[in-house]
Amino acid sequence: MDMNMLVDMLARMTAVEKVQFVEKLCDTHPNLAFEISNSIEVTMMDKVFLENEKKVQAARQVV
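Conventions adopted
- Residues numbered from 1 in each chain as written.
- Predicted model: local features only at pLDDT ≥ 70, side-chain atom pairs only at ≥ 80, totals over all residues.
- Heavy atoms only, no water.
- Helix = DSSP H or I, 4+ residues; strand = E, 2+ residues; numbered from the N terminus.
- Rg over C-alpha atoms; globule rule 2.2 N^0.38 Å.
- Buried < 20%, exposed > 50% of the residue type's maximum accessible area, 1.4 Å probe, protein only.
- Areas by Shrake-Rupley, 256 points an atom, 1.4 Å probe, with all protein chains shown as cover.
- Lys, Arg positive; Asp, Glu negative; His and termini not counted.
- Charge placed at Lys NZ, Arg CZ, Asp CG, Glu CD.
- Patch = residues over 30% accessible without salt bridge, like charges linked within 9 Å, V, L, I, M, F, W, Y side chains within 5 Å.
- Salt bridge = Lys/Arg side-chain N within 4 Å of Asp/Glu carboxyl O.

A separate point is the overall build of the protein chain. For the protein chain, the helix and strand inventory stands at 3 helices and 0 strands. Starting at the N terminus and walking to the C terminus, you meet the elements of the protein chain as α-α-α. Whereas a compact globule of 63 residues would reach a radius of gyration of roughly 11 Å, the protein chain reaches 17 Å, over 25% beyond that. Going through the 63 residues of the protein chain one by one, you find that 3% of them count as buried. For the protein chain, the accessible surface area stands at approximately 5900 Å², while carbon and sulfur atoms represent 64% of it. Averaging the coordinates of the 7 positive side-chain charges in the protein chain and doing the same for the 10 negative ones gives two points 7 Å apart.

Next up on the list: a nonpolar patch on the surface. Taken together, the side chains of M1, M3, L6, L10, F21 and V22 make up a nonpolar region of the molecular surface, amounting to roughly 600 Å² of accessible area. Mapped onto the nonpolar patch, the elements with two or more residues apiece are α1 (3-12) and α2 (15-28). With 3 residues, the top contributor of residues to the nonpolar patch is α1. Turning to its location among the elements, L6 is positioned in helix α1. Assessed through its relative accessible area of 34%, L6 is described here as partly exposed.

And the structure:
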């Protein structure tokens, strides 16, 4: 499966299409929807943490 193509397809969806996609995924594969939702949330938190850690390290170098 081409992940770039899949991500691009999601990015091109309208707001209505995104809602329809989420509803369909939750109705047909609730466990998968929960797993993907959690994975996205953890990945986003990791990115925020790493960005903050870079800022802390840069601030320490200035002092």
